[in-house]
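Fold and geometry: a report
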Amino acid sequence: MLRVAVLISGGGSNLQSLIDYSRSNSDAGYEITSVIADRPAGGLEKAEKAGIPAHLLDRKKGMESLADDIHRLIYGQVDYIVLAGFLSILDSLFIEKWNKRIINIHPALLPDFGGRGMYGMNVHRAVLASGAKESGCTVHYVDNGIDTGEIINQMSLEIDQNWSAEQLQKEVLKLEHILLPQTLQLLCDRGSET
Ligand code: GRF
């Protein structure tokens, strides 16, 4: 069973989907053993409700110190880190230490609509402004760039031209809640084959 730390900055609906999947599938290959937030985040309450140790860190101490604190909390305790709406950038030493063991969910079809500033509603506004016919979400490994790591899995949807950015976000989020647990399970299955 893979032990997973989930890093969050917001409401934690993706965190909830990971918890729900792992608890409702008897063949789930992972369990969430730790939740860490870089700011007071609604998702911390979801973790507490689920009985998962939840930690609130202070991002204002700087990127290096944040990464050190996270490493200290989970070193030797977890196998994978999932960034589920985590807004801080992790420093390169941390990413090296956890190479190929950190994944992120992004609310668009990378490599398009990723990079600096492409988070939250900015992503969906940019997608609509581009006239794209489809959008979706991507799970990828985290490397030293922003949203540039190897893509593991994607799900897409057709954009209704009448949708507002908020509606697009809502539709994409529904897919995220399917894609993220599925992809984590895929990694567990792959790991158990080797
Ligand atoms: C999701 O859209 C995720 O893709 C993005 O931030 C949002 C987090 O939502 N990185 P939630 O906190 O999981 O509800």
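Numbering of residues starts from 1 in each chain and follows the order in which that chain's sequence is written. Where local features are concerned, this predicted model is filtered to residues with pLDDT of at least 70; where side-chain atom pairs are given and counted, the filter is 80 or more; whole-chain, interface and lining totals use all residues. Where side-chain values are given, they derive from all heavy atoms of the structure, hydrogens and water being excluded.

**Things to note about the site of the ligand**
Condition: The nearness test applies per residue and asks whether one of its heavy atoms lies within 4 Å of the molecule or strand. Under this definition, polar contacts are N or O atom pairs within 3.5 Å; protein pairs additionally need one hydrogen-donor-capable and one acceptor-capable atom, and for neighbouring residues in sequence, both atoms have to be side-chain atoms. The protein chains shown are the only cover counted for residues, whose accessible areas, like all others here, come from Shrake-Rupley with a 1.4 Å probe. In DSSP terms, a helix is any run of H or I states spanning at least four residues, a strand is any run of E spanning at least two, and both are numbered starting from the N terminus.
Taken together, Gly 10, Gly 11, Gly 12, Ser 13, Asn 14, Gly 85, Ile 105, Pro 107, Leu 173 and Glu 176 make up the full set of residues adjacent to the ligand. Between the ligand and the protein, one listed contact pairs an oxygen atom with a backbone N or O atom of Gly 12 at 2.8 Å. One of the backbone N or O atoms of Asn 14 is found 2.8 Å from an oxygen atom in the ligand. Here the ligand, which alone exposes 370 Å², has 79% of that area covered by the protein. Of all elements in the fold, only α1 (13-24) and α6 (165-193) reach the threshold of two or more residues within the shell around the ligand.

**Things to note about the sheet that holds strand β7 (residues 151-158)**
One key point about sheets: their strands pair by backbone hydrogen bonds, in either a parallel or an antiparallel sense. The following threshold applies: Here, a strand pair is defined by DSSP locating no fewer than two bridges between the strands. Every axis in this analysis is a line fitted to C-alpha atoms, fitted for helices over the stretch in contact. Angles between the N-to-C directions lie between 0 and 180 degrees. The contact rule is simple, with two residues in contact once any of their heavy atoms fall within 4.5 Å.
Reading across the sheet, the 7 strands line up as β3-β2-β1-β4-β5-β6-β7 and stay open at both edges, with mixed pairing between neighbours. The open sheet has two edge strands, β3 (54-56) and β7, and neither has a second partner. Neighbour to neighbour, the strand axes of the sheet diverge by 20° on average, direction disregarded. Relative to strand β2 (residues 30-37), strand β1 (residues 2-8) runs parallel, the two being bridged by 7 bridges. Its bridge partner being in β2, Val 6 is matched across the sheet by Val 35. Where α1 meets the sheet, its contacts fall on β1, β2, β4 (80-83) and β5 (102-106), and the angle it forms with β2 comes to roughly 160°.

**Let's talk about the environment of Ile 102**
When you line up the elements, Ile 102 lands in strand β5. The spatial distance from the C-alpha of Ile 102 to the C-alpha of Ile 81 is 4.7 Å, given a sequence separation of 21 residues.

**Structural notes on α1**
What counts here: By this rule, a helix spans an expected 1.5 Å times one less than how many residues it contains. Buried, partly exposed and exposed residues are distinguished by accessible area as a fraction of the type maximum, computed with a 1.4 Å probe on protein chains only: under 20%, between the cut-offs, and over 50%, respectively.
Helix length check: α1, at 12 residues, gives a terminal C-alpha distance of 16 Å against a target of 16 Å (1.5 Å per residue), a fit within 8%. Here α1 has its buried residues at Asn 14, Leu 15, Ser 17, Leu 18, Ile 19 and Ser 22.

**What to know about the nonpolar core**
The condition that has to hold: For our purposes a nonpolar core is just a set of buried Ala, Val, Leu, Ile, Met, Phe, Trp, Tyr and Cys residues, chained together by side-chain atoms within 4.5 Å.
One finds Val 6, Ile 32, Val 82 and Ile 103 to be the most contacted residues of the largest nonpolar core, which totals 39 residues. If you tally residues by element for this core, the top one is α6, at 8 residues. If near-sequence neighbours (up to four positions away) are discounted, Ile 32 is found in contact with Val 4, Val 6, Leu 15, Leu 18, Ile 19 and Ile 52. With 18 residues, the next largest nonpolar core counts Ala 5, Leu 57, Leu 66 and Leu 90 among its residues.

**Digging into the side chain of Asp 91**
Selection criterion: Positive charge is attributed to Lys and Arg, negative charge to Asp and Glu, and no charge count is given to His or to the chain ends. Definition used for salt bridges: Asp or Glu carboxyl oxygen within 4 Å of a side-chain nitrogen of Lys or Arg.
You can see Asp 91 is positioned in the loop between β4 and α4 (92-97). The charged side chain of Asp 91 is buried without a salt bridge, its nearest counter-charge being Lys 97 at 6.7 Å. Apart from the residues within four sequence positions on either side, Asp 91 is in contact with Met 63, Glu 64 and Ala 67.

**Quick word on helix α3 (residues 63-74)**
Here α3 spans 17 Å end to end across 12 residues, near enough to the 16 Å set by a 1.5 Å rise per residue. Turning to α3, its buried residues number three or more, namely Leu 66, Ala 67, Asp 69, Ile 70, His 71 and Ile 74. Lining the buried residues of α3 we find β1, β2, β4 and α4. At the C-terminal side of α3, Gly 76 shows a positive phi close to 80°.

**A word on the side chain of Ser 135**
Note on placement: Ser 135 falls in strand β6 (residues 134-141). Judged by relative accessible area, Ser 135 falls into the buried class, the value being 1%. Discounting residues that sit within four places of it in the chain, Ser 135 has contacts with Pro 107, Ala 108, Leu 109, Val 127, Met 155, Ser 156, Leu 157, Ile 159, Leu 168 and Val 172.

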